[in-house]
Amino acid sequence: MANDARRILLVEDEKAIRDAVAAYLEREGYWVTGVGDGQAALEEFNKRKFDLIVLDLMLPKLSGERVCRAIRDESDVPIIMLTAKGEVEDKIIGLELGADDYLIKPFSPRELVARVKALLRRSHIDSEPQREVLDFGELVIDVSGHKILVNDEEVDLTASEFKLLTTLARYPGRVYTRMELVEKVLGYDFEGYERTIDSHVKNLRAKLGDDPKNPKWLYTVHGVGYRFEAPEKKPAEKSE
Ligand code: CA
């Protein structure tokens, strides 16, 4: 899998559609974060950088229209609107709100994937590469700068350790199996390599000063794999 995978925020309240679309996009190598309402969409949007947003118009809590406006106030990220047939002037609304493209339901996930690819190609050419920094207070991962800081001290990681940490830290709380990590970090997928993930994690812990018996960030999920947890951030204590 490409290590520079594009990140997509998928906002759709119908779980069946969300799951189907997410599966298609993931198969194409995209990172997908799926949420089911408008409020969660904005929360995710404020948490991390996305390369593209797929946004349903009719959503609980906060409509796709409001979400689109809020996002457009801050960002030029490409947005594809999903609208049900017959929803208020879908075409006009979508484009007036600043969406880049729209699809009318029912659509085939394959069609959506094609639109996503086209939009990303376009926006990739148009925009400067964006800086991605994951800030967990004591631990700061400068993804685009390929740099790790622990308590403001730079820590030297190998390429695999860096990829492993970034993979886990992008989705705090999500459990990754060793197999998934092999695929994402090492880029191949046969079973003999699962244990190499363990040694990468071991080295990573040593470098970050993370005690496996009392972990701050990297947690072992027994019999499964690993997950990253972001400790509560205390901005007041953060000194520059
Ligand atoms: Ca809907």
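For the structure, see preceding data.
Residues numbered from 1 in each chain as written. Predicted model: local features only at pLDDT ≥ 70, side-chain atom pairs only at ≥ 80, totals over all residues. Heavy atoms only, no water.

Draft legend 1. Expanded view of the packing of helix 2 (residues 38-47) against helix 3 (residues 64-74). Contact geometry of helix 2 with helix 3 gives a least axis separation of 10 Å together with a crossing angle of 15°. Here helix 3 runs roughly parallel to helix 2, going by the angle between their axes. The two elements helix 2 and helix 3 cross, and the hand of that crossing is right-handed. Along the contact surface, helix 2 presents Gly38, Ala41, Leu42, Phe45 and Asn46, while helix 3 presents Val67, Ala70, Ile71 and Glu74. Here the residues of the contact of helix 2 with helix 3 are counted per class, giving six nonpolar, two polar and one charged. (Axes fitted to C-alpha atoms, helices over the stretch in contact; angles between N-to-C directions. Helix = DSSP H or I, 4+ residues; strand = E, 2+ residues; numbered from the N terminus. Parallel < 35°, antiparallel > 145°, perpendicular 65-115°, else oblique. Left-handed = near helix turned anticlockwise from the far one by under 90°. Contact = heavy atoms within 4.5 Å. Nonpolar A, V, L, I, M, F, W, Y, C, P; charged D, E, K, R; others polar.)

Draft legend 2. Region of interest: the sheet that holds strand 10 (residues 175-177). Strand order in this open sheet of three strands is 10-12-11, and the pairing throughout is antiparallel. Looking at the sheet topology across the chains shown, the edges are occupied by strand 10 and strand 11 (218-221). The mean inter-strand angle of the sheet, taken between neighbouring strand axes irrespective of direction, is 30°. Here strand 10 runs beside strand 12 (residues 225-228); their pairing, made up of three bridges, is antiparallel. Looking at strand 12, one finds that Val175 is bridged to Arg227. Relative to strand 11, helix 8 (residues 194-208) is tilted by about 150°, and along the sheet it contacts strand 11 and strand 12. (Pairing = 2+ DSSP bridges.)

Draft legend 3. The arrangement of the sheet that holds strand 9 (residues 153-155) in detail. Pairing is antiparallel in the open sheet, where four strands are placed in the order 6-7-8-9. Of all strands in the sheet, those with a lone pairing partner are strand 6 (133-136) and strand 9, marking the two edges. The sheet shows a mean angle of 20° between the axes of neighbouring strands, taken without regard to direction. In terms of strand pairing, strand 7 (residues 139-142) meets strand 8 (residues 147-150) through four bridges, oriented antiparallel. Each bridged residue has a counterpart across the sheet, and for Val140 the counterpart in strand 8 is Leu149.

Draft legend 4. Looking closely at the pattern of salt bridges. Tallied over the full model, the rule gives 20 salt bridges. Across the pair Arg115 and Glu111 runs a salt bridge, and its minimum N-O distance is 2.8 Å. Of this pair, Arg115 and Glu111 both sit in helix 5 (residues 109-126), four residues apart, roughly one helical turn. Arg115 sits in the partly exposed class, given a relative accessible area of 24%. Two residues, Lys216 and Glu138, come together in a salt bridge whose shortest N-O distance is 2.8 Å. Remark: Glu138 occurs in the loop between strand 6 and strand 7 and Lys216 occurs in the loop between helix 8 and strand 11; sequence separation between them is 78 residues. The exposure class of Lys216 is partly exposed, given its relative accessible area of 32%. For Glu138, a relative accessible area of 35% corresponds to the partly exposed category. (Salt bridge = Lys/Arg side-chain N within 4 Å of Asp/Glu carboxyl O. Buried < 20%, exposed > 50% of the residue type's maximum accessible area, 1.4 Å probe, protein only.)

Draft legend 5. Representation of the nonpolar core. The biggest cluster of nonpolar side chains holds 30 residues, and the ones touching the most others in it are Leu139, Ile141, Ile148, Leu165, Leu208 and Phe228. Going through the elements one at a time, strand 6, strand 7, strand 8, helix 6 (159-170), helix 7 (178-186), helix 8 and strand 12 are the ones with two or more residues in this core. Ranked by the residues each element gives to this core, the list is headed by helix 6, at five residues. Among all residues touching Ile141, those that are not within four sequence positions of it are Glu132, Val133, Leu134, Phe136, Lys147, Ile148, Phe162, Leu165, Thr166 and Ala169. Counting 22 residues, the second largest nonpolar core, distinct from the first, contains Ala40, Phe50, Ile53 and Leu62. (Core = buried A, V, L, I, M, F, W, Y, C linked by side-chain atoms within 4.5 Å.)

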